[in-house]
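Read off the chains here:
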Amino acid sequence: MNTLAKIPVTIVTGFLGSGKTTLIQHLITNANGKKLAVLVNEFGSEGVDGEILKSCADANCPEENIVELANGCICCTVADDFIPTMQTLLARKTRPDHILIETSGLALPKPLLKAFEWPEIRSRITVDGVIALADAEAVAAGRFAPNPEAVEAQRAADGSVDHETPLSEVFGDQICCADIVLLTKADLVGQAGLEAARLAITAETPRQVPILAITDGAIDPQVILGFNAAAEDDLAARPSLHDGEEEHEHDDFASVVIELPEVSDIDALVASIARLAREQNVLRAKGYLAVKGKPMRLLVQSVGERVRHQFDKPWGAAPRRSKLVVIGEQGDIDENAIKAGLGV
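Residues numbered from 1 in each chain as written. Predicted model: local features only at pLDDT ≥ 70, side-chain atom pairs only at ≥ 80, totals over all residues. Heavy atoms only, no water.

(A) Spatial organisation of the overall build of the protein chain. Summing up its helical and strand segments, the protein chain has 12 helices and 12 strands in all. Evaluated residue by residue, the protein chain yields a buried proportion of 50% over its 344 residues. By sequence separation, contacts in the protein chain at least 24 residues apart represent 80% of the contacts at least 6 residues apart. As displayed, the protein chain has an accessible area near 15,200 Å², and 48% of this comes from carbon and sulfur atoms. (Helix = DSSP H or I, 4+ residues; strand = E, 2+ residues; numbered from the N terminus. Buried < 20%, exposed > 50% of the residue type's maximum accessible area, 1.4 Å probe, protein only. Contact = heavy atoms within 4.5 Å. Areas by Shrake-Rupley, 256 points an atom, 1.4 Å probe, with all protein chains shown as cover.)

Here it is in structure tokens:
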């Protein structure tokens, strides 16, 4: 690669549990010789996604090229965290051919795009494209796609009803900023569900963008890398509900880290996590857990009541500490109630 050419950066955005980490895993393992670097941002103090990605590091994307920013929204900590981290990646002895940025599920992509105007990095990198992931099942069910007629009916009945929830604002901003939208977990919905999801996405987008359905993050990298969008120069075409604001807050969301004893019954744990989604309005839970009698750690991830788990790698010399990061809307997260629901 010409060392004077700008390094392309792809921003992967999407709501909690939409499949961003799974997609990046796929890109790392199908890099076709391209040298990659990854910056992963998480909401909460305990990082899980970075550990997942480091487990699939290889010669083209070594572990030192996978950098994690935890406990701070990347779009709110540009000067303190993002710019220095990008400078560190750019200073690597071996220059990456492409950089992938996984935002937290709560991040607004547009403030991050604006960061690429900073003189410290503008001459060296460019935003190749913004990929927005959306859970096909959730979107098909009408979540994060408000119905205007229903909103007006609610307003007529109760003037105190606000038509925009924090979650729908985040979702809308992510979709409006995208160069392509991937409908993930397509295997969980039929053709009618995918069509309903596409219609909902189209209603959110200010311009025509490709909408593709995928399962387990599987997609040819050539389809989503190489847009050459220079998105940092195209901000006006990517409207945000927060345009004109100097900053945005994430006080609408909260996370707690729950330490658990070794798990003896995985099925019971899964049932407890699903129950918390119903009873405590938990949006997302993820973490590594120790299971009695098992040398490997158990990776648990949930989106609402849908819980997935798998053994990923041996604990080795690492302490067998079970931690679960639980994320929800502010006011819904009750740490004591969550602990009780998990039997802690």
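(B) Quick peek at the packing of aromatic side chains. Counted by the stated rule, this structure contains 0 aromatic pairs. Over the face of the ring belonging to Tyr288 we find Arg297, whose NZ or CZ atom lies 3.7 Å from the ring centre. (Phe/Tyr/Trp six-rings, centres within 6.5 Å; stacked < 30°, edge-to-face > 60°. Lys NZ or Arg CZ within 6 Å of the ring centre and 35° of its normal.)

(C) Inspection of the nonpolar core at higher detail. In terms of nonpolar packing, the biggest core is built from 25 residues, with Phe82, Met86, Ile99, Ile101 and Phe116 touching the most fellow members. Every element with two or more residues in this core is listed here: β1 (7-14), β2 (36-41), β3 (66-69), α3 (78-90), β4 (98-102), α4 (109-115) and β5 (125-135). For this core, the leading source of residues is α3, giving 5 residues. (Core = buried A, V, L, I, M, F, W, Y, C linked by side-chain atoms within 4.5 Å.)

(D) Representation of the environment of Ile219 in the model. With respect to the element layout, Ile219 can be found in the loop between β7 (211-213) and α10 (221-224). Note: C-alpha distance between Ile219 and Leu27 (192 residues apart in sequence) is 8.4 Å. Ignoring sequence-local partners within four residues, the contact set of Ile219 consists of Leu23, His26, Leu182, Leu212, Ile214 and Ile224.

(E) Inspection of the confidence of the model for the protein chain at higher detail. The share of residues in the protein chain with pLDDT of 70 or more is 79%, and the mean pLDDT across the chain is 79. When mean pLDDT is taken per element in the protein chain, strand β6 (residues 180-184) scores highest with 94 and helix α7 (residues 148-157) scores lowest with 41. Segment residues 44-48: pLDDT under 50, and 17 contacts once partners within four positions in sequence are set aside and those in other chains are kept. Note on residues 157-165: pLDDT is under 50 here. Beyond four places in sequence and across chains, it has 6 contacts. (pLDDT = per-residue confidence, 0-100.)

(F) Geometry of unusual backbone geometry. Residue Asn32 is not a glycine yet carries a positive backbone phi of 55°. The topology assignment puts Asn32 in the loop between α1 (20-29) and β2.

(G) Just the sheet that holds β6, in detail. In spatial order, the strands read β3-β2-β4-β1-β5-β6-β7; together these 7 strands make up an open sheet with parallel pairing. Strand pairing shows two members of the sheet lacking a second neighbour, β3 and β7, which therefore form its edges. Averaged over all neighbouring strand pairs, the angle between strand axes comes to 20°, with direction disregarded. In this structure, β2 lies alongside β4, joined through 5 bridges in parallel fashion. What sits directly across from Ala37, in β4, is Ile99. (Pairing = 2+ DSSP bridges. Axes fitted to C-alpha atoms, helices over the stretch in contact; angles between N-to-C directions.)

(H) Molecular detail of the side chain of Asp128. Its place among the elements puts Asp128 in strand β5. It turns out Asp128 is buried and unbridged, and the closest side chain with the opposite charge, Lys34, is 7.7 Å from it. Looking at Asp128, its side chain comes within polar contact range of the main-chain nitrogen of Gly226, at 2.8 Å. Here Asn228 takes part through its backbone nitrogen, which lies 2.8 Å from a polar atom of the side chain of Asp128. Each residue touching Asp128, except ones within four places of it in the same chain, is listed here: Pro8, Val9, Thr10, His98, Ile224, Leu225, Gly226, Phe227, Asn228 and Ala229. (Lys, Arg positive; Asp, Glu negative; His and termini not counted. Salt bridge = Lys/Arg side-chain N within 4 Å of Asp/Glu carboxyl O. Polar contact = N/O pair within 3.5 Å; in protein donor to acceptor, adjacent residues only side chain to side chain.)

(I) View of the pattern of salt bridges. Under the definition given, this model contains 10 salt bridges. For Arg238, the salt bridge goes to Asp234, with nearest N and O atoms at 3.3 Å. Taking the relative accessible area as the measure of exposure, Arg238 reaches 1% and is therefore buried. Overall, the relative accessible area of 28% leaves Asp234 in the partly exposed class. Residue Arg278 pairs with Glu305 through a salt bridge whose shortest N-O separation is 3.1 Å. With Arg278 in helix α11 (residues 266-279) and Glu305 in the loop between β10 (296-303) and β11 (306-314), this pair connects stretches of sequence that are 27 residues apart.

(J) View of the pairing of β6. For β6, the buried fraction is high: 5 of the 5 residues fall into the buried class. What you see with β6 is no split at all: Ile180, Leu182 and Thr184 on one side and Val181 and Leu183 on the other are buried throughout. Sheet topology places β5 next to β6; 5 bridges connect them, and they run parallel. Along β6, the bridge assignment pairs Ile131 with Ile180. Where β6 meets β7, 3 bridges bridge the pair, whose relative direction is parallel. Counterpart to Leu183 in the pairing with β7 is Ala213. Read as a crossover between parallel neighbours, the route from β6 over helix α9 (residues 191-204) to β7 is right-handed. (Right-handed = clockwise from strand over helix to strand, strands pointing away.)

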